[in-house]
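Descriptive analysis of the structure
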Amino acid sequence: MTQPIDSRRPGWHRLSPAQRREALALDLDIPPSALDEALTHGGLSLEAADRMVEDVVGTLSLPFAVAPNFRIDGRDVLVPMVVEEASVVAAAAHAARMVRKGGGFRTLADPPITIGQIQIFCPDPEEAALRVLALREEALDLARGLDPTLVSLGGGPRDLEVRPFPAAPPEESFLVVHLLVDTRDAMGANAVNTMNEALAPFLADRVGGRIGLRILSNLADRRKVRVEARVPLEALQAPGFTPEEVRDGIVAASRFAERDPYRAATHNKGILNGTDAVVLATGNDWRAVEAGAHAYAARTGRYGPLCTWHRDGDDLQGVLEMPVQVGLVGGATRVHPGARLALRILGVTTAMELAAVAAATGMANNLTALRALATEGIQAGHMRLHRRSRDLEVP
Ligand code: MEV
């Protein structure tokens, strides 16, 4: 974490982008030209783009916004959000203002444990599983030796788990070994995939099996974030509704998502509006976060909401739990000037802190969406903001 700031910005939405940049530069204690360099034309040169992916012909920019009002774990945070949809940033800022009246978001992030899957075809996976467990220490030692840098940073392989998949035709039977790796501030895909590929021949040889797939799992359920928020009754305002009606409407909307997967999908999309915008702003892999979120939402066999709201005394209390697989090092987080700036604005120093901010932002978006849906409806506010871009439309 870096220097304390005040994330409340009265009138922030009325400033011009240049004025917001000036204010940010003051906060971050950097020259405004540094912001200009990182953000003008999307911040990515054609040359850098051409090195990031293949067959490049250009770049495509999206709005980079900074949402005010967030207080997370007792610290004020300005939240960078990259998103194409009108009203998502305003919604996040609005909810953050409501939640800070109840003390702000409180988060608890798991250590950054990434799961690597090694599939081994073998006729008796139950027996192979026992053999792998007996090899546990030897295999972990071998894996540790594969990434001494990660180990020196306090990360590295932590455990092995076995998941036998017997099948009626024995040639379809396989064992899956989960290699659990603390990937510290990396998203983890590269570190884990490298370890998987190196460890697989050793394991397959010892159990007398044939190597199948070796890849991380995006059901990153060892890398969850739990967020709690309390909204005092008096902060629950909506024109034409009492605070009690707003609170009870949000609770009823949450129940709807708990009971109906069709609604839960849209409810979770609203959460991902916020979470993805932070993931994207920081140059992280939003498809990985999306895959993890939806798989986790379906973990019981029935798709459900990642965030729920209930009444606690007079107030509204929310809980969100979801995997957030993000990093601060590697990939676009290091090479994209806009992503580097986003990390600087956030002032986070670990992947766990970044995951917590992304999850809290998702919760904020969920709160505003449910408040609107349970009262005047979503379209009034949405269309008001959407109209601002209508005269830009290309015929
Ligand atoms: C729109 O981007 C998101 C919402 O549909 C979320 C929800 O319905 O909870 C408004």
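Residues numbered from 1 in each chain as written. Predicted model: local features only at pLDDT ≥ 70, side-chain atom pairs only at ≥ 80, totals over all residues. Heavy atoms only, no water.

Once that is clear, we can look at helix α8 (residues 189-207). In this model α8 runs 26 Å from its N-terminal to its C-terminal C-alpha over 19 residues, within 8% of the 27 Å that 1.5 Å per residue would give. Where α8 bends most, at leucine 199, the angle is about 35°, and the proline proline 201 comes one to four residues later. Buried within α8 we find Ala191, Val192, Asn193, Met195, Asn196, Leu199, Ala200, Phe202, Leu203, Ala204 and Val207. Within two residues after α8, glycine 208 carries a phi angle of roughly 70°, on the positive side. (Helix = DSSP H or I, 4+ residues; strand = E, 2+ residues; numbered from the N terminus. Expected span 1.5 Å × (residues − 1). Bend = angle between axes of the 7 residues up to and from the residue. Buried < 20%, exposed > 50% of the residue type's maximum accessible area, 1.4 Å probe, protein only.)

Okay, the sheet that holds strand β4 (residues 113-121) next. Judged by pairing direction, the sheet is antiparallel, and its 4 strands sit side by side in the order β5-β6-β4-β7 without closing on themselves. The sheet is open, and its two edges are formed by β5 (156-165) and β7 (210-216), each paired on a single side. Across the sheet, the axes of successive neighbouring strands diverge by a mean angle of 20°, strand direction being ignored. Relative to β5, helix α6 (residues 136-146) is tilted by about 130°, and along the sheet it contacts β5 and β6 (174-182). (Pairing = 2+ DSSP bridges. Axes fitted to C-alpha atoms, helices over the stretch in contact; angles between N-to-C directions. Contact = heavy atoms within 4.5 Å.)

A word on the domain arrangement of the chain. The domain boundaries assigned to the chain delineate domain 1 (12-110 + 224-392) and domain 2 (113-216). The gap between the C-alpha centroids of domain 1 and domain 2 is 35 Å. At the junction of the two partners, domain 1 supplies 10 residues and domain 2 supplies 6 residues. Between domain 1 and domain 2 the total buried area reaches about 560 Å² when both faces are included, carbon and sulfur atoms providing 56% of it. Together, Gln325, Val329 and Ala351 form the three largest contributors to the area buried by domain 1 at its contact with domain 2, with a combined 57%. (Domains from an automatic or database assignment. Buried area = accessible area lost by both parts, 1.4 Å probe.)

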